[in-house]
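# Residue-level structure breakdown
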Amino acid sequence: MSSNDTKHVQTELNEEEYERFRKFAEEHGLSLKEASHEALIAWVERQQQADPNDAAFTVLDDLDDSSLSLTAQTDAREEDDLVDEWHGSDESFVLAEEPSSGS
């Protein structure tokens, strides 16, 4: 990486923070520059993770049970229970030909 490809970031630490950081870097065999780089990258990655409280993840919690149609309800039986009960005469169906057969 050339010096034109890099940017510099600077921060200030009080004496206690600096000593903790210095010892941590030393214990991990890193220079302060290497430890700073790793810490910043890890922090950015943590901040970019999905927020479990985002509305995209909680929308189902917000739905009122009464707003669901009857077809959306289930008795939560296991799939095996449903398969055991079906005898093949309730519905007729035809398997579609595979797309690769060129029909």
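Residues numbered from 1 in each chain as written. Predicted model: local features only at pLDDT ≥ 70, side-chain atom pairs only at ≥ 80, totals over all residues. Heavy atoms only, no water.

Naming follows an unreviewed UniProt entry, where the protein chain appears as Ribbon-helix-helix protein, copG family of Haloarchaeobius litoreus.

### Side note on the overall build of the protein chain
Of regular secondary structure, the protein chain possesses four helices and zero strands. The helix and strand sequence of the protein chain, counted from the amino end, reads α-α-α-α. Burial status across the protein chain gives 3% buried among its 103 residues. Summed over all atoms, the accessible surface of the protein chain reaches about 10,300 Å², with 51% contributed by carbon and sulfur. (Helix = DSSP H or I, 4+ residues; strand = E, 2+ residues; numbered from the N terminus. Buried < 20%, exposed > 50% of the residue type's maximum accessible area, 1.4 Å probe, protein only. Areas by Shrake-Rupley, 256 points an atom, 1.4 Å probe, with all protein chains shown as cover.)

### Brief notes about the layout of surface pockets
In this model, the largest pocket occupies a volume close to 1,000 Å³. Leu32, Lys33, Ser36, His37 and Leu40 are the residues nearest the centre of the largest pocket, which is lined by 28 residues in total. Looking at the lining of the largest pocket element by element, the count peaks at 12 residues for helix H2 (residues 32-47). Among the residues making up the lining of the largest pocket, the classes are represented as 14 nonpolar, seven polar and seven charged. (1 Å grid on protein atoms, 1.4 Å probe; cavity = no way out; pocket = protein on both sides within 12 Å on 5 of 7 lines; lining within 4 Å. Points joined across faces, edges and corners; volume = space filled by probe spheres on them. Nonpolar A, V, L, I, M, F, W, Y, C, P; charged D, E, K, R; others polar.)

### A word on the pattern of salt bridges
Enumeration according to the criterion identifies two salt bridges in this entry. A salt bridge links Glu19 to Arg22; the shortest N-O distance between them is 2.9 Å. Taken as a pair, Glu19 and Arg22 lie in helix H1 (residues 15-27) at a separation of three residues, close to a single helical turn. (Salt bridge = Lys/Arg side-chain N within 4 Å of Asp/Glu carboxyl O.)

### Overview of the packing of H1 against H2
Look at H1 against H2: their axes get within 9 Å of each other, and the N-to-C directions meet at 100°. Classified by the angle between their axes, H1 and H2 sit roughly perpendicular to one another. Taken together, the residues of H2 that come into contact with H1 (itself represented by Tyr18, Phe21, Arg22 and Ala25) are Leu32, Ala35 and Ser36. Taken together, the residues that form the contact of H1 with H2 break down as five nonpolar, one polar and one charged. (Axes fitted to C-alpha atoms, helices over the stretch in contact; angles between N-to-C directions. Parallel < 35°, antiparallel > 145°, perpendicular 65-115°, else oblique. Contact = heavy atoms within 4.5 Å.)

### Re H1
Counted at 1.5 Å a residue, the expected span for H1 with its 13 residues is 18 Å, and the 18 Å between its end C-alpha atoms agrees. Structurally, the start of H1 carries an N-cap: the backbone nitrogen of Glu16 is 3.1 Å from a side-chain oxygen of Asn14. At the C-terminal side of H1, Gly29 shows a positive phi close to 65°. (Expected span 1.5 Å × (residues − 1). Polar contact = N/O pair within 3.5 Å; in protein donor to acceptor, adjacent residues only side chain to side chain.)

### Looking at a nonpolar patch on the surface
Together, Leu13, Tyr18 and Leu32 line one region of the surface with nonpolar side chains, adding up to about 240 Å² of accessible area. Considering the arrangement of structural elements, one finds Leu32 in helix H2. (Patch = residues over 30% accessible without salt bridge, like charges linked within 9 Å, V, L, I, M, F, W, Y side chains within 5 Å.)

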